[in-house]
Amino acid sequence: AAGHFSWEKYLKETGSTAAPSSCFKQSLTPPLNEFKVGMKLEAQDPRNTTSTCIATVVGLTGSRLRLRLDGSDNKNDFWRLVDSSEIQPIGSCEKSGGMLQPPLGFRLNASSWPMFLLKTLNGAEMAPSRIFHKEPPAPEQNSFQVGMKLEAVDRKNPHFICPGTVGALRGVEVLVTFDGWRGAFDYYCRYDSRDIFPVGWCALTGDNLQPPGTKAVLPKSLGTPTEGSVETPAMNPTPTVGRPPGQRGRKPGRRKTKITGSWSQ
Ligand code: MLZ
């Protein structure tokens, strides 16, 4: 169960609204995930986006794949939607006149790449092209508004999708803030990022939507809270603003207070 978090109750309690699905570059019905662990495919190297590499599916979550580049270590896994334009069937690179590249940080000597490639593909289960989906079109413009709720990938813990709020707008960019986490996980992304989803996405894909954190966010007028200050259930829809640079990136501690709200523990 998804922590028993209920968007319906939460939106009511926080007096907030969900960003309309027309704001997102996501398909209205999440794409079916027919991949299997062990299947191989081609993927852009996230650390060197001009490289196309061989990747293996090492996990599945909702409409996303957990991928590991062949010849890389297990510390650099990344997640992609099955309708991502950054993944394709094996053979696509060659067809378009490209060459498969070793991943950044290839664990062997560069000279052993051709042989490594032969061996890694020999007898491999290649993901069939019919299970890849076409990337949905991007909305024409940034239609998000500050305060709108959404579901977003926690980029520091990319296996998590969490409830969030649009904290600010900056041209084509949106500030994604995570409810109940005081800004430590905030990031700016383009409005057409594949890491943000409409409210209800996880319920449709079967992903485990994380419940909001329990760190209170104080209104601007009360100044910036310091670590260990007032903690109340994070029902305040106002996103965290103006935290001092020293506090950036610090992980909040574990939940200390028993709370009642729209989710149970
Ligand atoms: N292990 C981490 C998870 C935080 C996830 C926050 N997502 C917005 C912690 O408890 O700090």
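Everything discussed here concerns the structure shown above.
Note that the structure is predicted; figures quoted are calculated from it, not measured.

(A) Up close: the nonpolar core. Counting residues in each nonpolar core, the largest one holds 29 residues, and the members touching the most others are F144, V176, Y187 and I196. Excluding residues within four positions of it along the chain, I196 makes contact with F24, Q26, F144, E151, A152, V176, Y187, C189, R190 and Y191. If you look at the next biggest cluster of nonpolar residues, it comprises 16 residues, including M39, V57, V82 and I131.

(B) Spotlight on the environment of D207. One can find D207 in the segment after α4 (201–205). Excluding anything up to four places from it in sequence, D207 contacts T61, G62, S63, I161, W201 and C202. Among the polar contacts listed, one links the side chain of D207 to the side chain of T205, at a separation of 2.9 Å.

(C) Structural detail: the pattern of salt bridges. On inspection of all chains with the given rule, the structure shows twelve salt bridges. A salt bridge links R68 to D77; the nearest nitrogen and oxygen atoms lie 2.7 Å apart. A residue is classified by how much of its surface remains accessible, and R68, at 27% relative accessible area, is partly exposed. D192 serves as the salt-bridge partner of R190, at 2.8 Å between the closest nitrogen and oxygen. For R190, a relative accessible area of 41% translates into the label partly exposed. On the basis of relative accessibility, which here comes to 15%, the residue D192 falls in the buried class. Each of the salt bridges in this network shares a partner with another, and the network as a whole consists of K25, D83, E135 and R194.

Procedures and definitions
- Residues numbered from 1 in each chain as written.
- Predicted model: local features only at pLDDT ≥ 70, side-chain atom pairs only at ≥ 80, totals over all residues.
- Heavy atoms only, no water.
- Core = buried A, V, L, I, M, F, W, Y, C linked by side-chain atoms within 4.5 Å.
- Buried < 20%, exposed > 50% of the residue type's maximum accessible area, 1.4 Å probe, protein only.
- Contact = heavy atoms within 4.5 Å.
- Helix = DSSP H or I, 4+ residues; strand = E, 2+ residues; numbered from the N terminus.
- Polar contact = N/O pair within 3.5 Å; in protein donor to acceptor, adjacent residues only side chain to side chain.
- Salt bridge = Lys/Arg side-chain N within 4 Å of Asp/Glu carboxyl O.

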